[in-house]
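# Per-entry structural report
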Amino acid sequence: MNAVQPPYAGRFFCAEAARARGDPCAGTAPHGTVWVLVEHRGGWPANGFDGLDLDPAVKALVHSAARAARARVLLIRRHGRRRADGSDRWAVLRHGGPDGLSQQWGSWRRDRDLAQIADALESPGELGLPPVVLVCAHGLHDACCAVRGRPVGRALSERWPEAVWECTHVGGDRFAANVVLLPDGVYYGGLDARSSLAVVEEHLADRIHAGYLRGYTTLRPPQQAAVAAVLERFGPAGRHDYAIASTERSGEGWHIRVLGRPPHPAELDVEIVARRSPPRRLTCRGPSDGVAVRYEATSVRLR
């Protein structure tokens, strides 16, 4: 991957270490189908929304509603923290299947305005809106998110200024720069400014490639790896051109049946195995080593 190298010699960077090791990113997208976005143009605390100085009752309401909906809450801002005046925005994004990609947007000036999010989480959103492009640039959470994420945020913002937002931690620090397309629920990792433009352009044309793909958030990690393996073998496809028909566990592996829409293969069997890495440092800020699980396709067969 042609990523820009960090300019800080002698310092540990988890994304640089992951590239040197060749850590695969397929099968690493966190599961989720609902997201809450809260625009905040000031500095982001290391723990994101949790660390904001908001009215405790409002914060508790948003947290409670998000937990009930199993939603992830992210802070967002435009690259460069543009717009010095005016209201901030919030959004609730849902992935409800190919015909249920919904968005609901609002604005807030005072803390109590964020109570609207709780109502939005219980209401249907608007269908057919363009996808939102998030770039993780949460430097206080992990240095690589800033060093690698901000150049990507700049490049994408220049190309799609209305669609692109920087955001707080999305998971997988070592795969920075991370880009998330919502409510499509697609994670990409290991990007730089140049590759991110190509990846997002292809995604917006409904052509998802295996390269840089971390996974679909509607699927579990072995299923994500299975779809990535199918895309790698048979070429790019639309977000909903492949579906998981069944998943069977067998020892340390899975047998996954994948169904495809024409002109893609109609039915495939994919074998996935899980392998654990030796203990290693996985994040810039992490004080100790951790073990990563990698999901590898050992077989992709047409039925």
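Residues numbered from 1 in each chain as written. Predicted model: local features only at pLDDT ≥ 70, side-chain atom pairs only at ≥ 80, totals over all residues. Heavy atoms only, no water.

Moving on: the pairing of strand 11 (residues 242-250). For strand 11 and strand 12 (residues 253-260), the ladder comprises 8 bridges, and the chain directions are antiparallel. The residue of strand 12 that forms the bridge with serine 246 is arginine 257. Hairpin connection between strand 11 and strand 12: a loop of 2 residues separates the two successive antiparallel strands, and glycine 251 in this loop has a positive phi of roughly 65°. (Pairing = 2+ DSSP bridges. Helix = DSSP H or I, 4+ residues; strand = E, 2+ residues; numbered from the N terminus.)

Tracing the backbone shows proline 161 in the loop between helix 4 (143-159) and strand 7 (164-167). For the pair proline 161 and histidine 79, spaced 82 residues apart in the sequence, the C-alpha separation amounts to 9.0 Å.

What follows covers the confidence of the model for the chain. In the predicted model, the chain carries a mean pLDDT of 91, and 95% of its residues have values of at least 70. Every residue in residues 1-7 is under pLDDT 50, and counting partners more than four places away or in other chains gives 15 contacts. (pLDDT = per-residue confidence, 0-100. Contact = heavy atoms within 4.5 Å.)

Next up on the list: the nonpolar core. Membership of the largest hydrophobic core comes to 35 residues, with the highest contact counts inside it found for Leu156 and Val179. Residue contributions to this core peak at 7 residues, all from helix 6 (residues 221-234). Apart from the residues within four sequence positions on either side, valine 179 is in contact with Val133, Leu134, Val135, Val152, Leu156, Val186, Tyr187, Tyr188, Leu191 and Val200. Counting residues in each nonpolar core, the second largest holds 21 residues, with Val62, Ala65, Ala120 and Leu121 among its members. (Core = buried A, V, L, I, M, F, W, Y, C linked by side-chain atoms within 4.5 Å. Buried < 20%, exposed > 50% of the residue type's maximum accessible area, 1.4 Å probe, protein only.)

Helix 5 (residues 193-204) packs onto helix 4 with a crossing angle of 45° between their chain directions and a minimal axis gap of 8 Å. Taken together, helix 4 and helix 5 sit at an angle that is classed as oblique. Viewed along their axes, helix 4 and helix 5 form a crossing whose handedness is right-handed. The residues of helix 5 that touch helix 4, namely those facing Pro151, Val152, Ala155, Leu156 and Arg159, are Ala193, Ser196, Leu197, Val200 and Glu201. Here the contact of helix 4 with helix 5 is built from residues that sort into 7 nonpolar, 1 polar and 2 charged. (Axes fitted to C-alpha atoms, helices over the stretch in contact; angles between N-to-C directions. Parallel < 35°, antiparallel > 145°, perpendicular 65-115°, else oblique. Left-handed = near helix turned anticlockwise from the far one by under 90°. Nonpolar A, V, L, I, M, F, W, Y, C, P; charged D, E, K, R; others polar.)

Another point: the environment of isoleucine 256. Mapping isoleucine 256 onto the fold places it in strand 12. Residue class for isoleucine 256 comes out buried when judged on its relative accessible area of 0%. As a C-alpha pair, isoleucine 256 and alanine 245 span 11 residues in sequence and 7.6 Å in three-dimensional space. Among all residues touching isoleucine 256, those that are not within four sequence positions of it are Pro222, Gln223, Ala226, Ile244, Ser246, Thr247, Leu268, Asp269, Val270 and Ile272.

On to the sheet that holds strand 13 (residues 267-276). Neighbouring strands of a sheet are bound in pairs by backbone hydrogen bonds; such pairs are parallel or else antiparallel. One open sheet accounts for 4 strands, arranged 11-12-13-14; its pairing is antiparallel. A single partner strand is all that each edge strand has here, and the edge strands are strand 11 and strand 14 (293-302). The mean inter-strand angle of the sheet, taken between neighbouring strand axes irrespective of direction, is 25°. By the bridge criterion, 9 bridges tie strand 13 to strand 14 in an arrangement that is antiparallel. Looking at the pairing, arginine 275 lines up with arginine 294 of strand 14. Of the strands in this sheet, strand 11, strand 12, strand 13 and strand 14 touch helix 6, which is tilted by about 50° from strand 14.

A few words on the pattern of salt bridges. One pass over the structure, following the stated rule, counts 17 salt bridges. Residue arginine 110 is joined to aspartate 113 by a salt bridge in which the shortest nitrogen-to-oxygen separation is 3.7 Å. Salt-bridge contacts for glutamate 296 lead to arginine 275; the nearest nitrogen and oxygen are separated by 2.8 Å. Here glutamate 296, found in strand 14, pairs with arginine 275, found in strand 13; they are 21 residues apart in sequence, far enough to count as distant. Salt bridges sharing common partners tie together Arg21, Asp23, Arg174 and Arg280. (Salt bridge = Lys/Arg side-chain N within 4 Å of Asp/Glu carboxyl O.)

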